[in-house]
Amino acid sequence: MKNSIKKSGSLALLLGVLAAPQASALTLEDLAKRLDALEAKNKQLEQENSQLRDAVATTNDKVEAAVIATESIADSSSGIQKLANFADKTTIGGYGEVHYNNLSGKGAASDKDEIDFHRFVLFFGHEFTDDIRFFSELELEYNLSGNGKDGQVQLEQAYIDFDLNDNHTARAGSFILPVGIINETHEPPTFYGTERNPIERNIIPATWWAAGAGAHGELGAGFSYDAYIHSGLNVDNGFSIRSGRQKVSKAKANDPAATARIKYTGIPGLELAVSAQHQQNMGQGLVAGLESGNLIETHAIWSTGPFTVKALYAAWDIDGYAVEAVGADKQEGFYVEPSLRLSEKFGIFARFNQWDNYAGSNSGTAKDTEKEQWDVGINYWPHEDVVIKADYQYQNNDDGKEQNGLNLGIGYQF
């Protein structure tokens with residue numbers, strides 16, 4: 001029995017010894033597989049971690065980009081709002097006109113057969129506050145400017161208005177003088193005739209601007225006023241008022257001028273005005289025998305229904321022995337212009353003009369200096385701000401030098 005038990009134990013021991021290496025070998029193989037699997041898992045985790053880091057970095061970039069975009073949109077919105085505010089306070093406008101003149105000369109006067117883009121003008125204005133405003137007018141005349149060209153670029157107006165209260169405004173800068181009708185309202189659709197009338201070219205003379213300061217406003221009961229101290233004329237020894245305009249281009253300021261106007265518009269359809277100007281020395285002290293000058297201008301406009309009549313008179317009284325010697329101490333003129341608006345698009349007019357830039361003497365050649373001109377024509381407005389004009393002018397001058405013929409034009413404003 002004991003021998004049997006011994007044999008059985010030996011057999012079990014032997015099987016255990018033989019089985020032990022197999023069991024150990026299986027465990028190592030399993031462990032190796034598990035290590036391989038763990039390594040693969042680690043690599044997968046590392047890859048996923050790398051992808052996650054990239055995703056986080058991308059997300060951060062997107063977040064940063066979104067923040068920048070949001071800030072940019074905010075800045076852009078602010079910029080757009082600023083631009084909108086600027087545009088709301090800034091105005092742009094202008095006008096222009098093209099002329100064709102076909103005139104026959106008589107009595108040593110030359111023929112005139114030409115086409116010309118006479119004026120191209122831009123307006124710029126800006127409202128700084130409710131009480132402070134800027135206005136300017138930049139003009140190109142005769143289409144081309146520069147060396148040897150007929151045209152010129154001119155800054156006709158550039159001034160600032162300061163409201164003192166509801167009825168009175170101070171003005172400073174370069175501005176149109178309050179004299180005459182067409183000087184302040186000279187956009188082509190606003191008047192009849194291709195060319196501006198000769199009285200407001202040669203006597204007043206429009207367009208006439210100066211630099212200075214003053215005020216304008218309402219007096220009540222239909223009355224308004226303008227009063228300015230400004231740069232004066234610089235008339236040479238030819239005593240031409242028109243050529244004496246300095247246009248605020250290094251203007252001589254030895255003798256400034258003063259201009260004032262009273263205007264009445266208290267009755268619908270009626271405008272009455274009188275302007276006066278005084279200058280202590282018309283030649284800025286540079287011309288011997290040319291001293292002080294005074295201008296008086298008065299006009300009336302009456303409109304009733306389709307009918308309008310305009311009448312204007314202007315006269316200079318100038319002191320000095322040299323200007324008196326040639327009769328240029330008195331320079332005066334007037335015109336009367338009735339017109340009829342046939343419809344919204346058509347209107348007809350006639351105008352009689354008479355003027356004399358040497359009206360102070362009746363002796364010698366000065367007695368033949370009075371000029372007369374008739375203008376008759378039609379305006380056609382295809383749009384209220386666009387006009388096509390045709391008129392015929394006929395002159396009857398004392399000296400016999402006359403230009404008669406057809407004028408055509410097209411003009412606009414905006």
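Owing to the predicted nature of the structure, the values given are computational and were not obtained by experimental measurement.

So, how was this worked out
Residues numbered from 1 in each chain as written. Predicted model: local features only at pLDDT ≥ 70, side-chain atom pairs only at ≥ 80, totals over all residues. Heavy atoms only, no water. Helix = DSSP H or I, 4+ residues; strand = E, 2+ residues; numbered from the N terminus. Buried < 20%, exposed > 50% of the residue type's maximum accessible area, 1.4 Å probe, protein only. Contact = heavy atoms within 4.5 Å. Areas by Shrake-Rupley, 256 points an atom, 1.4 Å probe, with all protein chains shown as cover. Salt bridge = Lys/Arg side-chain N within 4 Å of Asp/Glu carboxyl O. Core = buried A, V, L, I, M, F, W, Y, C linked by side-chain atoms within 4.5 Å. Phe/Tyr/Trp six-rings, centres within 6.5 Å; stacked < 30°, edge-to-face > 60°. Lys NZ or Arg CZ within 6 Å of the ring centre and 35° of its normal. Patch = residues over 30% accessible without salt bridge, like charges linked within 9 Å, V, L, I, M, F, W, Y side chains within 5 Å. pLDDT = per-residue confidence, 0-100. Pairing = 2+ DSSP bridges. Polar contact = N/O pair within 3.5 Å; in protein donor to acceptor, adjacent residues only side chain to side chain.

A. Region of interest: the overall build of the chain. From N to C terminus, the chain includes 3 helices and 16 strands. Across the 414 residues of the chain, 36% fall into the buried class. Pairs at least 24 apart in sequence give 56% of the contacts found in the chain among residues at least 6 apart. Element-wise, carbon and sulfur atoms account for 58% of the exposed surface of the chain, whose accessible area totals about 22,800 Å².

B. Looking closely at the pattern of salt bridges. Evaluation of the coordinates by the stated rule reveals 12 salt bridges. With a closest N to O distance of 2.6 Å, E97 and R119 form a salt bridge. Within this pair, whereas E97 is found in strand β1 (residues 90-106), its partner R119 is found in strand β2 (residues 112-127), the two being separated by 22 residues in sequence. For E402, the salt bridge is made with K106, and the minimal N-O distance between the two is 3.7 Å.

C. Here's a closer look at the nonpolar core. W208, F239, M282, L290 and W316 are the most contacted members of the largest nonpolar core, which totals 29 residues. Mapped by element, the contributors of at least two residues to this core are β10 (293-304), β11 (307-318) and α3 (321-325). The greatest single-element share of this core, amounting to 4 residues, is contributed by β11. Excluding anything up to four places from it in sequence, M282 contacts L233, N234, V235, I241, L290, E291, S292, G293, W316 and I318.

D. The environment of T185, seen in detail. Residue placement: T185 occurs in the loop between β5 (168-176) and α2 (199-202). Given the relative accessible area of 40%, T185 is considered partly exposed. Linking T185 and T207, residues 22 residues apart in sequence, is a C-alpha distance of 9.7 Å.

E. How the structure looks around the packing of aromatic side chains. Going through the model one piece at a time under the given rule, you end up with 12 aromatic pairs. Geometrically, the ring pair formed by F352 and W374 is tilted, given 5.0 Å between the ring centres and 50° between the ring planes. Pair noted here: F352 is in strand β13 (residues 346-356) and W374 is in strand β14 (residues 371-383), with a separation of 22 residues, a long-range link. Residue W374 is classed as partly exposed on the basis of its relative accessible area of 45%. Put simply, the rings of Y95, F123, F135 and Y159 touch in pairs and so form one group of aromatic residues. Sitting above the plane of the F191 ring, K389 keeps its charged end 3.7 Å from the centroid.

F. Region of the structure containing a nonpolar patch on the surface. A grouping of F307, L340, L342, F346, I348 and I378 is seen on the molecular surface, where their side chains present a nonpolar patch of about 470 Å² in accessible area. With respect to the helices and strands, F307 occurs in strand β11. Overall, the relative accessible area of 34% leaves F307 in the partly exposed class.

G. Geometry of the confidence of the model for the chain. Predicted confidence across the chain gives a mean pLDDT of 89, with 87% of residues reaching 70 or more. Long-range and interchain partners of residues 1-25, a stretch whose pLDDT sits below 50, account for 0 contacts in this model, where long-range means more than four residues apart.

H. How the structure looks around the pairing of strand β7 (residues 223-230). Examined bridge by bridge, strand β6 (residues 209-220) and β7 share 8 bridges and lie antiparallel to one another. Bridged to A215 within β7 is A227. Here β6 folds back onto β7 in antiparallel fashion, the turn holding 2 residues, of which A221 has a positive phi close to 60°. Where β7 lies against strand β8 (residues 257-264), 8 bridges are found, and the strand directions are antiparallel. What sits directly across from Y225, in β8, is I262.

I. View of the side chain of N407. Relative to the helices and strands, N407 resides in strand β16 (residues 402-413). Note on N407: relative accessible area 1%, which makes it buried. Among the polar contacts made by the side chain of N407, one reaches the side chain of Q393 at a distance of 3.3 Å. Apart from the residues lying within four places of it in its own chain, the contact partners of N407 are Y100, N101, L103, T194, K389, A390, D391 and Q393.

J. How the structure looks around the environment of E114. Topologically, E114 is positioned in strand β2. A residue is classified by how much of its surface remains accessible, and E114, at 40% relative accessible area, is partly exposed. The spatial distance from the C-alpha of E114 to the C-alpha of L103 is 9.1 Å, given a sequence separation of 11 residues. Ignoring any residue separated from it by four or fewer positions in sequence, one finds E114 in contact with H99, Y100 and N101.

K. Geometry of unusual backbone geometry. P205 follows I204 through a cis peptide bond whose omega is -10°. Look at the link from A206 to T207: it is a cis peptide, with omega at -5°. On the secondary structure map, T207 appears in the loop between α2 and β6. The backbone of V248 shows a phi angle near 60°, a positive value even though the residue is not glycine. Topologically, V248 is positioned in the loop between β7 and β8. Take V248: its relative accessible area is 34%, and that puts it in the partly exposed class.

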